[in-house]
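If you want the building blocks of each chain, they are given just below.
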Amino acid sequence: MKKRSMFLLAGIATLYYNNAYAQETPKDSTRSASIEQVVITGNSNPKKKIESSTAISTFTAKEIQKQNPISAAALLQRVPGFAVETSGGEVGNNLFARGIPSAGAYEFVQVQEDGLPVFEDGALQFANADNFFRVDNSVSRLEALRGGSGSIFANNSPGGLINFITKEGGNDFRGTAKLETSTYGLMRTDVNVGGGLVQDKLFFNVGGFYRTDDGIRKTGFKANQGGQIRMNLKYVFDKGYAKIYYKKLDDRNTFFLPIPLVQNGNDLKEFSGFDANYGTYSYRNISQLNIPQVGGGFFSRNLEDGIHPKVDVLGAEFKYDLGSNFSVLNKTRYTNINMNYTGIFPAGGPQSAADFAKGAGIAGNTFQYSMVSNGAVVNPGYVQKLGFWAIDKQMNNFVNDLQFSYKFDKGNVTAGFYKSNWKSHQYWNWSNILTTASDKPELLNLVDTSLTPNSVGYSKTYNGVTNMSFLLRDSQIQGSLNDLYLNLDYNITDDLSFNGGIRYSRDFYKGYGVNTTSGNLNNSGLTTDGTHSFATTTADENMSVLGNKYTYWNFDVNKVSFTTALNYKINKENAVYARFSNGFRSPNEEAYYNNMNNLSVVKPVTTNQLEVGYKYYSRTFDVAVIPFYSTLKNLSFTDVYSDGSSENKFANTTNLGVELEGYARLFNNVFEVTFNGTIQSPKYKDFTGRNADGSTFNYDGNTVRRMPKFYFNISPAVNLTKEWRAYVSMNYYGKRFQDEKNAQTLPSFSEFGAGTSYQLGKIRFAVDGTNIFNTIGITEGDPRAGSPSGDGIIMARPIMGAAVRASITLDF
């Protein structure tokens, strides 16, 4: 395993500890006092955190700057109750809220910008919500709510709400500019400016970034390239305000998937020829695909385009005081997304050359491998079958949230109507390729030397492709959501408050899937190499062909969600609360697709959650301890396997846990430490049935897959002088099981980071290191491979290797 000089960074941080401690409040202090913070997410009106009967974590722009997260998922690791997998790269990561399992993405939380969804459903196939959002300097703060009132203020969000709130301008012109580089070829520029156009009346803010880098895992091409810009204009009048805004995102990112490792219990080692920290199958040598199609034409794809969304967002917000303590607030937004998605998805693990040849139908030792690039005959020890998956998605979403509020002496009541129309159309074209089992893979051809080149079935590949366009899918899904909601805040006494909310959802979903048949190129008149017909290769057998038979489906949702809570403020620094919530998540896209002909088996996922909490906020300490219990019914498991089939199972789960969150500022603000952690026990309940092959299973009482029972993050920091700060961080991710039957263990791991910053007037210099000890920590196995067997050669997705970023930020 490669060892990088990340220890140097940790050594520097240690050296800084020996400096004289400053006695003044440092300019670079990590966070502001939570006792003063006001939150809006999951509440009908802004209120102080200590008065909010919700489990909510907040991060200001300054706090986000200090953490300098490499992705939105990396930032959300700092939220208790959120188990976040960050190994996919900058985008395409997975978040599991309070032990709720899923196929991935952000299935049970809603990711929002300024209180409206980034896209209505954050877990569409290959459309994780973080594909369409980037954290940059235009973010004012983050509010992350778990459970609680999430189902009252948004759709499909029983796990919580993640609300990124953007900056607005003020009377004074202000801005920030940042330049960043790294050990992996990063060049990034962030700029945000805002100010007043008309004093006290008209304000603007414009911000965005552009970035290019080679990727921490070595792809041989620019792994990430692109950026975003967003702007808003706000006019304030005597009784309210009006705001319009626009966002443009055009960014492409490489998506990293499982690689081979060798596992022996809790011990993980590198697979020979594959660097676990920096290697990937997504490499330049296999980046181009160009294959003929049944019926004519060619399908071409470039892996270097990766996940490439083009997002346009136009929105407006209006608030007006109607008088007599009534006010109206309306938010509206239109989002249009065109995304090309290309990734390398392993089809199982490495196989010996002989075993793969046998599986391809070559008896004995009459197999021969050669390099596609130069035709040289080779004798690889292991070979790898890889899925070259291409997905195109066209998506749009129009949403409007209208709410009326009335304030009275003891509280306030808010009533609203939420309307959202959205549509997603997708086209899949999947092929399989054959490569060397190495982190700089080469395409391979395989032939049967017992046959002649003119013989039927002589070759098992077509220029490295083993299965040409074996899966095509053309499908569409639409949602029309019509929701009424009511929320009441009532102060029973000065210290005891009540919150209750209800949401009625009358939602309509519909879509279609195009049926397919199979074909080949034997009679196409095309040749494989200018001489031999396609009858000489098996690569074109069972090519998928879209037909003219459409299966249409409709599904209606008629559900009520509700929540009720009490919050008792012991004094200005201490509070306790209790909340019960009932919510749901509509069936996901794959559940609809797999059961188009029998939607009776598809049901919304229903949830019940009970949580109690203790909060202590002061200028020195923050403490939150929140035990919770949840049950879920009709939970669908919809992993798409490497052969194109789907898991298509349904289960119930229970979870008992506690979330911990803390912050301390000690020794006259010299020493700071932040902590968050989660202890939980998610279990399957009544999970029995039949597999696709007809065999039965009983997973009742098993631990929910991919869910750690214990995980935490701790980050101590020392403010060495008024200007100089150093920190270390540790992410611990506990042992998990990859699968429902708990056959494969994913060992626990700890990831360390370290960094330092220096504030010179309005200029901030910073160095941040991640995974500085090059830990091999796997966040998932290979959910597309079916049931894993445990030890030996496994496929798994490790976190990124050690990397360092350096930045200069100017505030003006």
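Residues numbered from 1 in each chain as written. Predicted model: local features only at pLDDT ≥ 70, side-chain atom pairs only at ≥ 80, totals over all residues. Heavy atoms only, no water.

### Things to note about unusual backbone geometry
Item 1. Even without being glycine, Asn-68 reaches a positive phi, approximately 45°.
Item 2. Residue placement: Asn-68 occurs in the loop between helix H2 (61-67) and helix H3 (72-76).
Item 3. With relative accessibility at 6%, the residue Asn-68 sits in the buried group.
Item 4. Residues other than glycine seldom take positive phi values, yet Asn-742 does so here, at roughly 60°. (Helix = DSSP H or I, 4+ residues; strand = E, 2+ residues; numbered from the N terminus. Buried < 20%, exposed > 50% of the residue type's maximum accessible area, 1.4 Å probe, protein only.)

### What about the sheet that holds strand E24 (residues 367-371)?
Item 1. Taking strand neighbours across the sheet as the criterion, the three strands line up as E25-E24-E28 in an open arrangement whose pairing is antiparallel. Strands with a single pairing partner mark the edges of an open sheet, and in this sheet they are strand E25 (377-378) and strand E28 (444-448).
Item 2. As paired strands, E24 and E25 are joined by two bridges and run antiparallel to one another. Note on E25: the bridge partner recorded for Ser-370 is Val-377. (Pairing = 2+ DSSP bridges.)

### Some points on the sheet that holds strand E47 (residues 792-798)
To summarise the sheet geometry, strands pair through backbone hydrogen bonds and adopt either a parallel or an antiparallel arrangement.
Item 1. If you walk across this open sheet you meet the four strands as E18-E17-E47-E46, and the pairing is antiparallel. Strand pairing shows two members of the sheet lacking a second neighbour, strand E18 (267-270) and strand E46 (778-780), which therefore form its edges. When the angles between neighbouring strand axes are averaged without regard to direction, this sheet yields 60°.
Item 2. Direction of pairing for strand E17 (residues 259-264) relative to E18: antiparallel, over a ladder of four bridges. If you follow Asn-264 over to E18, its bridge partner there is Asp-267. (Axes fitted to C-alpha atoms, helices over the stretch in contact; angles between N-to-C directions.)

### Description of the confidence of the model for the protein
Item 1. Of all residues in the protein, 95% attain a pLDDT of 70 or more, and the chain-wide mean is 92.
Item 2. Overall, residues 1-26 carries pLDDT values under 50, and its contacts beyond four positions in sequence, including any with other chains, amount to 51 contacts. (pLDDT = per-residue confidence, 0-100. Contact = heavy atoms within 4.5 Å.)

### Focus: the side chain of Gln-112
Item 1. As for its position among the elements, Gln-112 is in strand E6 (residues 109-113).
Item 2. What Gln-112 contacts, discounting residues up to four positions off in sequence, is Pro-117, Val-118, Phe-153, Ala-154, Leu-161, Ile-162, Asn-163 and Phe-164.

### What to know about the pairing of strand E35 (residues 649-666)
Item 1. Across the 18 residues of E35, 14 count as buried, placing the element largely inside the fold.
Item 2. One ladder, built from 15 bridges, connects strand E34 (residues 621-637) with E35; its direction is antiparallel. Paired with Leu-632 across the two strands is Thr-653, which belongs to E35.
Item 3. By the bridge criterion, three bridges tie E35 to strand E37 (residues 683-685) in an arrangement that is antiparallel. The partner of Thr-653 across the bridge, within E37, is Tyr-684.
Item 4. As judged from the 10 bridges shared by E35 and strand E36 (residues 671-680), these two strands associate in the antiparallel manner. By the bridge assignment, Ala-664 is partnered in E36 with Val-673.
Item 5. Here E35 hands over to E36 after four residues, with Phe-667 in that stretch at a positive phi of 55°.

### With respect to the nonpolar core
Item 1. The biggest cluster of nonpolar side chains holds 65 residues, and the ones touching the most others in it are Phe-82, Leu-95, Tyr-106, Ile-162, Phe-164 and Trp-430.
Item 2. Take this core: its biggest share by element is five residues, from strand E29 (residues 465-491).
Item 3. Contacts of Leu-95, omitting those with residues within four sequence positions, involve Leu-76, Phe-82, Ala-83, Val-84, Ala-105, Tyr-106, Val-109 and Ile-162.
Item 4. In terms of nonpolar packing, the next biggest core, distinct from the first, is built from 25 residues, Tyr-281, Ile-344, Leu-386 and Phe-388 among them. (Core = buried A, V, L, I, M, F, W, Y, C linked by side-chain atoms within 4.5 Å.)

### Overview of the packing of aromatic side chains
Item 1. Going through the model one piece at a time under the given rule, you end up with 45 aromatic pairs.
Item 2. Residues Tyr-235 and Phe-237 carry aromatic rings whose centres are separated by 6.2 Å and whose planes lie at 35° to one another, so their mutual orientation is tilted.
Item 3. Under the relative-accessibility criterion, Tyr-235 is labelled partly exposed at 38%.
Item 4. We classify Phe-237 as partly exposed; its relative accessible area is 21%.
Item 5. Relative to Tyr-341, the ring of Phe-255 has its centre 6.0 Å away and its plane inclined at 65°; by these criteria the two rings are edge-to-face. Pair noted here: Phe-255 is in the loop between strand E16 (240-253) and E17 and Tyr-341 is in strand E22 (residues 326-346), with a separation of 86 residues, a long-range link.
Item 6. Residue classification places Phe-255 among the buried positions, given a relative accessible area of 8%.
Item 7. An aromatic cluster of at least three residues, connected via ring pairs, comprises Phe-126, Phe-255, Tyr-341, Phe-345, Trp-389, Trp-428 and Trp-430.
Item 8. Against the face of Tyr-241 rests Lys-234, its NZ or CZ located 4.3 Å from the ring centre.
Item 9. In this structure, Arg-503 packs its charged tip against the face of Tyr-418, placed 5.2 Å from the ring centre. (Phe/Tyr/Trp six-rings, centres within 6.5 Å; stacked < 30°, edge-to-face > 60°. Lys NZ or Arg CZ within 6 Å of the ring centre and 35° of its normal.)

### Considerations on the pattern of salt bridges
Item 1. One pass over the structure, following the stated rule, counts 30 salt bridges.
Item 2. In this structure, the salt-bridge partner of Arg-146 is Glu-659, at a minimum N-O distance of 3.1 Å. Taken together, the residues Arg-146 in strand E10 (residues 139-146) and Glu-659 in strand E35 connect sequence positions 513 residues apart. Across the pair, exposure class does not vary: Arg-146 and Glu-659 are buried alike.
Item 3. In this structure, the salt-bridge partner of Arg-473 is Glu-590, at a minimum N-O distance of 2.9 Å. Here Arg-473 is found in strand E29, whereas its partner Glu-590 is found in helix H6 (residues 589-594), with 117 residues between them in sequence. No difference in accessibility class separates Arg-473 from Glu-590, as the two residues are buried.
Item 4. What emerges from the salt-bridge pattern is a single network uniting Glu-90, Arg-134, Arg-211, Asp-213 and Asp-251. (Salt bridge = Lys/Arg side-chain N within 4 Å of Asp/Glu carboxyl O.)

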